[in-house]
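# Structural overview
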Amino acid sequence: MAINYRKSSNSQIIMDIQLINIGFGNIVSANRIIAIVSPESAPIKRIITEAREKSLLIDATYGRRTRAVIITDSSHVVLSAIQPETVAHRFVVNKES
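Remember, it's a predicted structure, so these values are computed and weren't measured experimentally.

### Some words on the overall build of the protein
- Along the backbone of the protein there are two helices and eight strands.
- Mapped in sequence order, the helices and strands of the protein form the string β-β-β-β-β-α-β-β-β-α.
- In the protein, which comprises 97 residues, the share counted as buried stands at 33%.
- Within the protein, counting contacts between residues at least 6 apart in sequence, those at least 24 apart form 46% of the total.
- With the model as given, the accessible surface of the protein reaches about 6,300 Å², and the carbon-plus-sulfur share is 53%.

Structural data, given as structure tokens:
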């Protein structure tokens, strides 16, 4: 899991929040990401349409072509203009550091 807990010197529990850059200065919480997928398939297109209808869609593409769809644990769907592999790589690199 991406949430790291640690104790400070005065025994307080501190939660580390990890953030992922999804392009154009947009950042999402790595702790909340469930899936990073390509928008090409019909089921993913349906998920995007349903999220738009429920006002759960966040378009972070700045008018560019959608290349990655990020699904969060709160049912929000985030559209990104960078490749899913790039987002996943940033996720893994951020998780290791």
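From this point, the discussion proceeds with the structure in view.
### As for the side chain of threonine 72
- One can find threonine 72 in strand 7 (residues 68-72).
- Judged by its relative accessible area of 10%, threonine 72 falls in the buried class.
- Not counting the four nearest positions on each side in its chain, threonine 72 is found in contact with Arg32, Ile33 and Ile34.

### Let's talk about the pairing of strand 3 (residues 19-23)
- One ladder, built from four bridges, connects strand 3 with strand 4 (residues 26-29); its direction is antiparallel. Residue pairing across strands places isoleucine 20 opposite valine 28, the latter belonging to strand 4.
- Between strand 3 and the antiparallel strand that follows it, strand 4, lie two residues; phenylalanine 24 among them carries a positive phi value of about 55°.

### Remarks on helix 1 (residues 42-53)
- Taking 1.5 Å of rise per residue, 12 residues should cover 16 Å, and helix 1 covers 17 Å from first to last C-alpha, within 8% of that figure.
- Of the positions making up helix 1, those classed as buried are Ile44, Ile48 and Ala51. Along the long axis of helix 1, the arc covered by the buried residues comes to 65°, so they all point the same way.
- Elements that come into contact with the buried residues of helix 1 comprise strand 5 (33-37), strand 6 (57-60), strand 7 and strand 8 (77-80).

### Some points on the sheet that holds strand 8
- Strands sit in the order 5-7-8-6 across an open sheet of four strands; the sheet is mixed. Every other strand in the sheet has two partners, leaving strand 5 and strand 6 as the edge strands with one partner each. Neighbour to neighbour, the strand axes of the sheet diverge by 20° on average, direction disregarded.
- Note that strand 7 and strand 8 share four bridges and pair antiparallel. Bridge pairing links alanine 68 to serine 80 in strand 8.
- In the packing of helix 1 onto the sheet, the strands contacted are strand 5, strand 6, strand 7 and strand 8, and the crossing angle to strand 8 comes to about 115°.

So, how was this worked out
- Each chain has its residues counted from 1, following the order in which its sequence is written.
- Restriction of local features to residues with pLDDT of at least 70 applies here, the model being predicted, together with a cutoff of 80 or more for giving and counting side-chain atom pairs; totals for whole chains, interfaces and linings are based on all residues.
- Only hydrogens and water are set aside when side-chain values are computed; all heavy atoms of the structure are taken into account.
- Helix numbers and strand numbers start at the N terminus; a helix is a DSSP run of H or I with at least 4 residues, a strand a run of E with at least 2.
- In this scheme, a residue with accessible area under 20% of its type's maximum is buried, one over 50% is exposed, and one in between is partly exposed, where area comes from a 1.4 Å probe on protein chains only.
- We call two residues in contact when some of their heavy atoms are within 4.5 Å.
- To be clear on the numbers: accessible area is Shrake-Rupley with a 1.4 Å probe, and residue cover counts the displayed protein chains and nothing else.
- Note on pairing: DSSP must find at least two bridges between two strands before they are called paired.
- By definition here, a helix of n residues has an expected span of 1.5 Å times n minus one.
- Throughout, the arc means that of the directions going from the helix axis to the C-beta atoms.
- For every element, the axis is a line fit to its C-alpha atoms; helices are fit only across the contacting stretch, and the angle between N-to-C directions ranges from 0 to 180 degrees.

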